[in-house]
Amino acid sequence: MNVEQQVPRNALIWMILSLFALILPHIERVPLWVIAVYVVAAVWRIQVFRGLWAYPRRWLKLVLILAASGGVFFSFGSVLGLEPTVALLLTAFALKMIELSSRKDAYVLIFLGYFVCITEFLFSQDILIVGYSLFTVLLLTTALVALHQPGQQRFNRGSMKLAGTMLLQAFPLMLVLFFLFPRIGPLWTVPIKSHTAKTGMSDLLKPGDVSKLSQSAEVAFRVQFDGEIPAFSDLYWRGLVMSRLEEGAWRSLRYWDVPAAERRMPELDAVGEPLSYAVIMEPTQQNWLFSLRYSQPASDGLLMLADYRLYSPIQIEHETQYRVQSWPQTPLDPELSAWRRETELALPAGDNPRTRELARSLRAASVSDADFVDRVLGYFTQQGFVYTLEPPLLGDDDPMDDFLFDSLRGFCEHYAYAFVMMMREAGVPARIVAGYMGGEINPVNRTVIVHQFDAHAWAEVWLAEQGWVRVDPTAAVAPDRIEWGLEQAVEGEGTFLSASPLSPLRYRDIDWVNALRLRYDALTYRWQAWVTGFNQEQQFDLLSRWLGEVSPQRFVTVLLLTWAAVLVPVAAVLLLRRRRHQLSPADKHYLAFCERMARMGVVREPWESPADFAQRAMRKLPRYRQEIEAITEAYQDLTYRPAPAPSSSGETLASLRRSVRKLQFVR
Amino acid sequence: MVSGWQTLKTATRTRFRAWLDRRIPPARSVTLDQKRIFIFPSRVGFFFFACLLLMLLTAINYESNLSFGLTFLLTTLFIVAVLHTYANLSGMTVHGVRAQSVFPGQQAEFELLLERGKRRDHYALHVAWENSDDALVNIVEQDTQTVRLHIRAGERGWFNPGRLLIETSYPLGLLRCWTWVALDLNALVYPRPLACPAPAGISASAADGTAVMGEGSDDFYGFRDYRSGDSLRQVYWKGLARGQALQSKQYAAYADRCVWLDWEQFEGVGIEQRLSQLCFWVLELEGGGEEYGLRIPGATVSPGRGEKQRDDALRALALYGQGDTA
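Owing to the predicted nature of the structure, the values given are computational and were not obtained by experimental measurement.

Definitions and limits used
- Residues numbered from 1 in each chain as written.
- Chains lettered and ligands numbered in written order.
- Predicted model: local features only at pLDDT ≥ 70, side-chain atom pairs only at ≥ 80, totals over all residues.
- Heavy atoms only, no water.
- Helix = DSSP H or I, 4+ residues; strand = E, 2+ residues; numbered from the N terminus.
- Buried < 20%, exposed > 50% of the residue type's maximum accessible area, 1.4 Å probe, protein only.
- Domains from an automatic or database assignment.
- Pairing = 2+ DSSP bridges.
- Axes fitted to C-alpha atoms, helices over the stretch in contact; angles between N-to-C directions.
- Contact = heavy atoms within 4.5 Å.
- Phe/Tyr/Trp six-rings, centres within 6.5 Å; stacked < 30°, edge-to-face > 60°.
- Lys NZ or Arg CZ within 6 Å of the ring centre and 35° of its normal.
- Patch = residues over 30% accessible without salt bridge, like charges linked within 9 Å, V, L, I, M, F, W, Y side chains within 5 Å.
- Areas by Shrake-Rupley, 256 points an atom, 1.4 Å probe, with all protein chains shown as cover.
- Salt bridge = Lys/Arg side-chain N within 4 Å of Asp/Glu carboxyl O.
- Core = buried A, V, L, I, M, F, W, Y, C linked by side-chain atoms within 4.5 Å.
- Buried area = accessible area lost by both parts, 1.4 Å probe.
- Polar contact = N/O pair within 3.5 Å; in protein donor to acceptor, adjacent residues only side chain to side chain.
- Nonpolar A, V, L, I, M, F, W, Y, C, P; charged D, E, K, R; others polar.

Brief notes about the overall build of chain B
In step 1: Regarding its fold elements, chain B presents seven helices and 17 strands.
In step 2: Among the 326 residues that make up chain B, the fraction classed as buried is 48%.

Concerning the domain arrangement of chain B
In step 1: Each assigned domain of chain B is listed with its residue range as follows: domain 1 (13-189), domain 2 (200-208 + 257-318) and domain 3 (211-254).
In step 2: Computed from C-alpha atoms alone, the centre-to-centre distance between domain 1 of chain B and domain 3 of chain B is 69 Å.

A word on the domain arrangement of chain A
In step 1: Assigned domains within chain A: domain 1 (3-180), domain 2 (209-507), domain 3 (536-577) and domain 4 (585-665).
In step 2: Here the C-alpha centre of domain 3 of chain A lies 48 Å away from the C-alpha centre of domain 2 of chain A.

Focus: the sheet that holds strand β16 (residues 292-296) of chain B
Residue and element names in this part refer to chain B.
In step 1: One open sheet holds the three strands; their spatial order is β15-β16-β17, and the pairing between them is mixed. Single-partner strands in this sheet number two, and they are β15 (259-262) and β17 (299-304). Going from strand to strand, the sheet's axes swing by 15 degrees on average, the running direction of each strand aside.
In step 2: Note that β15 and β16 share four bridges and pair parallel. The residue bridging Leu 261 from the neighbouring strand is Leu 294, located in β16.
In step 3: Each of β15 and β16 touches helix α6 (residues 271-287); the most contacted strand, β15, lies at about 165 degrees to it.
In step 4: The strands that helix α7 (residues 307-318) touches are β16 and β17; relative to β16, the one it contacts most, it runs at about 15 degrees.

Describing the sheet that holds strand β12 (residues 440-442) of chain A
Residue and element names in this part refer to chain A.
In step 1: In space, the six strands of this open sheet follow the order β5-β8-β4-β1-β13-β12, with antiparallel pairing throughout. Whereas interior strands pair on both sides, the edge strands pair on one side only; in this sheet they are β5 (295-297) and β12. Averaged over neighbouring strand pairs, the angle between their axes works out to 30 degrees when direction is ignored.
In step 2: Across seven bridges, the pairing between strand β4 (residues 275-281) and strand β8 (residues 320-326) is antiparallel. Bridge assignment links Leu 275 to a residue of β8, and that residue is Ser 326.
In step 3: Here helix α17 (residues 511-532) sits on the sheet and contacts β1 (219-225), β4, β8, β12 and β13 (447-451); the angle it forms with β1, its principal contact strand, is near 75 degrees.

Thoughts on the packing of aromatic side chains
In step 1: Taken as a whole and assessed by the stated rule, the structure comprises 50 aromatic pairs over all chains.
In step 2: Ring geometry for Phe111(A) and Phe47(B): centres 5.3 Å apart, planes at 45 degrees, overall tilted. Residue Phe111(A) is located in helix α5 (residues 103-121), and its partner Phe47(B) is located in helix α2 (residues 43-62); the two belong to separate chains.
In step 3: What makes Phe111(A) buried here is its relative accessible area of 2%.
In step 4: Here Phe47(B) falls in the partly exposed class, since its relative accessible area comes to 37%.
In step 5: Ring centres of Tyr590(A) and Tyr635(A) lie 4.1 Å apart, and the angle between their planes is 10 degrees; this geometry places the pair in the stacked category. With a gap of 45 residues between them, Tyr590(A) in helix α20 (residues 585-599) and Tyr635(A) in helix α22 (residues 625-640) connect regions that are remote in the sequence.
In step 6: These aromatic residues form a ring-pair network of at least three members: Tyr107(A), Phe111(A), Tyr114(A), Phe40(B), Phe46(B), Phe47(B), Phe48(B), Phe49(B) and Phe78(B).
In step 7: Just above the ring of Tyr255(A) sits the side chain of Arg263(A); from NZ or CZ to the centre is 4.0 Å.
In step 8: The ring of Trp178(B) carries the charged tip of Arg176(B) above its face, separated from the ring centre by 4.2 Å.

Examining a nonpolar patch on the surface
In step 1: Among the surface-exposed residues, Phe20(A), Val39(A), Val43(A), Leu52(A) and Trp53(A) lie close enough to one another that they form a single nonpolar patch of about 450 Å² accessible area.
In step 2: The topology assignment puts Val43(A) in helix α2 (residues 32-49).

Examining the nonpolar core
If you look at soluble globular proteins, the nonpolar side chains tend to sit buried side by side.
In step 1: One finds Met15(A), Tyr114(A) and Leu164(B) to be the most contacted residues of the largest nonpolar core, which totals 141 residues.
In step 2: The greatest single-element share of this core, amounting to 14 residues, is contributed by helix α3 (residues 65-89) of chain B.
In step 3: Sequence-distant contacts of Met15(A), defined by excluding residues within four places in its chain, comprise Val7(A), Met97(A), Leu100(A), Ala106(A), Leu109(A), Ile110(A), Ala143(A) and Leu147(A).
In step 4: Within the second largest apolar cluster, 81 residues are counted, among which are Leu347(A), Leu389(A), Ala455(A) and Phe496(A).

Some remarks on the interface of chain A and chain B
In step 1: At the interface, 60 residues of chain A touch 50 residues of chain B.
In step 2: Regarding the contact of chain A and chain B, the summed buried area is about 5400 Å², with carbon and sulfur atoms giving 76% of it.
In step 3: One can count zero salt bridges joining chain A with chain B.
In step 4: The interface formed by chain A and chain B holds eight residue pairs in polar contact (both at pLDDT 80 or more) in total.
In step 5: Of all the secondary-structure elements, those providing two or more residues to the side of chain A that touches chain B are α5, α6 (127-147), α7 (158-180), α17 and α19 (552-575) of chain A.
In step 6: Broken down by class, the residue content of the side of chain A that touches chain B amounts to 42 nonpolar, 13 polar and five charged.

So, in structure tokens, the structure goes:
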């Protein structure tokens, strides 16, 4: 094979390094056998490199490819979808590695590697993952550089320097392109992540669900208020409004549950000053969005439903950013339609007889609906109910009877469930609202971080002239939960995040850990706001602010100007900086000699060759005949003899230096 | 149609060469600058574009900003690579050092010296003529690098191998940067030796070679016993001092048995054939260690022997009628 087409060993080593770097972030979503293929591929290639094994034969390659495709099919049940595609790409990368022999294979391998890096971003957009992917890109680029450095038969870390320099030079250009490139919607539908679980609050609430969710320290969303952050006890993030109880579980009304006339959110007269804020949600694979009471979205493409919540027509698969304005004091539904009244009173007949009995007796003792609400809350307070993250399991037939009269231990959903049930039984329209309550205020950037353990369920009761009023039965049992949050509410129990011993949230009392965690979270917010959540809207805002108007001419001008601003210095560094004449050591010594001669009165003319100059100098300064001769000879030897052996040239140089020195000190 | 296409192709090539000659005139040493360097995406570069397009489609369809970012990073890496690839070739100087003289059909060796441009490193330079073997050169550790390329020589006279291609795709292989250098470096091609019977003049004097003794000659020949009448200057005093018999140093001159190869001796054949036959006899006489001279119209090589004599004679033959005796 032509030497130019060979893969230098150095490049091979960089490629094997990239091979393993690529699979690392994917390791939890590929089957185990893919990792085995990786190890085999690397070992095989190294053995080929050592001359011990042969390249695979054609039939073997065919068998391997078929086996890999079959393996992906059996592991995932399909070859379509994102995970099988990634597994297939990674396997292809490993198999290509085995047969890597010529440069052409290496190009395919490296470009495939770049593509695998791209797929990683479809799963995670975490800032650390991005940093890692950049490192992988650096490894791949280094392999590409090493591929073009012939004769590098040893591992050479220097190749990385050039690759790194080039990537750094490309980075600012990339940023410009990133912010300028028009974001258009998807061109066609693409396979989505098939195995990703829906996370966060679900639209089916059974006793025990929220307490399970509250074991998680994951972030649900982050909120940045334009003005002051409201009081902690006002941070009720509404996500789902559950009006229907079916088979022991609450759920929200679906689109087709609602008659057409009732589907739109009624226009209300907003009361008070609005709160403006931006929310960045972590992907949930579900449609509901979280906001404070009575909100109007300021972003496009979000729906407002009749029970005053925001809804995204597409599932939240990526971190999603939206802006909202809320007027929390606004009364909701001052008038209740007949259909709505009927819906919010509906109860399946027959179960939980003791609970119903209790409701009826309490209502009979009350003077009004509002008084009834207070009595029920008072019941929770007086009967010694316990707020716990580890509620006992309840029976399927009469769960609320079990809870109210037997266990007396529950999490927020138990209280909300029992409360709403009793309200409805007594003829007061009521519903469960599920979402999050509270949040952690990050002092670094004043965002409110809402974690999964802030998940909460409460109730809304419709009272005449007041509309829907928020009632949180949990507050009657565990006021700490509403004032301080879950951690304080269950402090005595020691159950907070007991399932995630490594979560940094558990070490909040260690100052530096907490400071680090909050800084990282602030960075993540900024990252999500500006990079991963960057969308058409933001782009338009940004560009109109920067460019004054958004037009193709402006785009091109800005692109060219900024690129020139980067590329011209780069070109100057590449082409000009090293042009400064760097003298060889021999030249340097010889020039020192000429200078010395000039001081002695013999000036070398520009056209004079060293030999001619030596002749003239020796005639004028016969005293130094020997030195002049030695210097000239050594210099000529060093300069004009083609490629002298390194050792002898070193000696000659040393003797030249000595002679010149000697001459400098003679008087 | 085919011939029309061929004509067009030839005409285009001719015009390209003419344009190239104006743009990059031949010289003994050529420093590569922007006037001489061409750059264009390589085949791998186009493959890379295809991959980028695929990545862009992925980014658009998944609306993934980070995928956009990585796609753009690789795109701009390509842009930066333009500068790096260009810098890898530019500033370098090519010197034509020496070309070996050969007989027609032999591989002539051309020696080139590639010199780095002011401390800059040049990697993976691919150097070749259209029909020559090629070389892959790094100029990293040393300031210069000698390259020897071999190319089959044509017919008698000066042979110029045409334009030298120097190309590189370092550092990423996505771009091809190249130049066509016309070096003022020619190989001398001798006539093709053609055996023929010895012409009259050669055989007659070839047997001659007897030394003719005589005084006044410069060449020392040997010693003989002193005879009365020998000049005192001839006496070998040193020998006498060592106690040897009295001896005289003897000097001699050879008879003029030099062979003249003359244009006129090879009558009745065409010019090229005549030159070929002369060439044959130059080699023949040189092989026999004889002294010879050469007389052809426009050039005379005075008698002599040895390698230089042979080269002079062959050079005269090679350049016959070339109008250039340089």
